[in-house]
Amino acid sequence: MTSVASAPRSPGRPRSARADEAIVEAVLDLLAEGSSVESLSIEAIAARAGVGKATIYRRWSGKDALMVEALRKLKGHPPMPEGATVRDDLVTLVSAAARLRDPRADKIMPCLVPEMHRNPQQYAMYQEIVAPRRELMREVLRRGIRTGVLRPDIDLELTMAMLMGPTTLQRVLRWNPQLEEENLPERTVDAVLAGIAAR
């Protein structure tokens, strides 16, 4: 009896970009409506997106991986500094963090703070998203040192915290209602540069 070669397995259906977007949008909508990261379930996300749970698990290993994707979309792509001046590049980077284009961000970002304090995985997720943005700012500051614009003895990590602190505090906590947010990135950069500029 002759053996019959089995036909090669056909690949599965191609991944649908529309389903991907619906799933990520469902996560952001649910968070903006008040769901905490901890209480957010794959079942609720699937129901909101109009897909089955299996569709989500085929794309992401679990909720944490899906959250990284959703928050990356919320924050958008980090702007690439153009290299005109150190000041302009710093304003670009600080402004991008202060003025997220998605209107849901103002409702979602404050909810993530307690989650990051309670959950090491959520903190690691946040670091995964912001680490490349910090590196962009480090490189701008290093360039300022190399070109003699900034003092060579500045503490890069502390300088970045001073640059990002005011806008983050205002966006997440609305700490000072008297502080105008419209030009806060520019004012913050100018104030910090006054202390770290080369003499």
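Structure's up top.
Predicted, not measured: the structure shown is a model, and the values here were computed from it.

Let's talk about a nonpolar patch on the surface
Together, Leu 169, Leu 173 and Trp 175 give the surface a local cluster of nonpolar side chains, amounting to about 350 Å² of exposed area. Of note, Leu 169 is situated in helix α8 (residues 156-173). Note on Leu 169: relative accessible area 33%, which makes it partly exposed.

Regarding the layout of surface pockets
Once rolled over the atoms, a probe with the size of a water molecule shows which space is left empty. Within this model, the largest pocket holds a volume of roughly 710 Å³. The element that contributes the greatest number of residues to the lining of the largest pocket is α8, accounting for eight residues. Across the lining of the largest pocket, the residue classes tally to 17 nonpolar, four polar and five charged. Each pocket or cavity is described by its volume, and for the second largest pocket that value is around 240 Å³. Along the walls of the second largest pocket sit 15 residues, with Ala 98, Arg 99, Asp 106, Arg 171 and Glu 181 positioned nearest its centre. Broken down by secondary-structure element, the contributors of at least two residues to the lining of the second largest pocket are α6 (105-118) and α8. It is α8 that provides the largest number of residues to the lining of the second largest pocket, a total of four residues. Across the lining of the second largest pocket, the residue classes break down as seven nonpolar, two polar and six charged.

Quick notes on α8
The terminal C-alpha atoms of α8 lie 25 Å apart, and with 18 residues this matches the ideal 26 Å at 1.5 Å per residue to within 8%. For α8, the secondary structure elements touched by its buried residues are α5 (86-98), α6, α7 (120-146) and α9 (184-196). Two or three places before Glu 157, at the opening of α8, Asp 155 has a side-chain oxygen 3.1 Å from that residue's backbone nitrogen. Taken from the residues just after α8, Arg 174 is the one with a positive phi, measuring 50°.

Regarding the packing of α6 against α7
At their nearest, the axes of α6 and α7 sit 5 Å apart, and the two run at 120° to each other. As judged from the angle between their axes, α6 and α7 are oblique. Crossing hand, α6 versus α7: left-handed. Contacts from Glu 115, Met 116 and Arg 118 of α6 reach α7 at Pro 120, Gln 122, Tyr 123 and Tyr 126. In terms of residue class, the contact of α6 with α7 is made up of four nonpolar, one polar and two charged.

The rules behind each value
- Residues numbered from 1 in each chain as written.
- Predicted model: local features only at pLDDT ≥ 70, side-chain atom pairs only at ≥ 80, totals over all residues.
- Heavy atoms only, no water.
- Patch = residues over 30% accessible without salt bridge, like charges linked within 9 Å, V, L, I, M, F, W, Y side chains within 5 Å.
- Areas by Shrake-Rupley, 256 points an atom, 1.4 Å probe, with all protein chains shown as cover.
- Salt bridge = Lys/Arg side-chain N within 4 Å of Asp/Glu carboxyl O.
- Helix = DSSP H or I, 4+ residues; strand = E, 2+ residues; numbered from the N terminus.
- Buried < 20%, exposed > 50% of the residue type's maximum accessible area, 1.4 Å probe, protein only.
- 1 Å grid on protein atoms, 1.4 Å probe; cavity = no way out; pocket = protein on both sides within 12 Å on 5 of 7 lines; lining within 4 Å.
- Points joined across faces, edges and corners; volume = space filled by probe spheres on them.
- Nonpolar A, V, L, I, M, F, W, Y, C, P; charged D, E, K, R; others polar.
- Expected span 1.5 Å × (residues − 1).
- Contact = heavy atoms within 4.5 Å.
- Polar contact = N/O pair within 3.5 Å; in protein donor to acceptor, adjacent residues only side chain to side chain.
- Axes fitted to C-alpha atoms, helices over the stretch in contact; angles between N-to-C directions.
- Parallel < 35°, antiparallel > 145°, perpendicular 65-115°, else oblique.
- Left-handed = near helix turned anticlockwise from the far one by under 90°.

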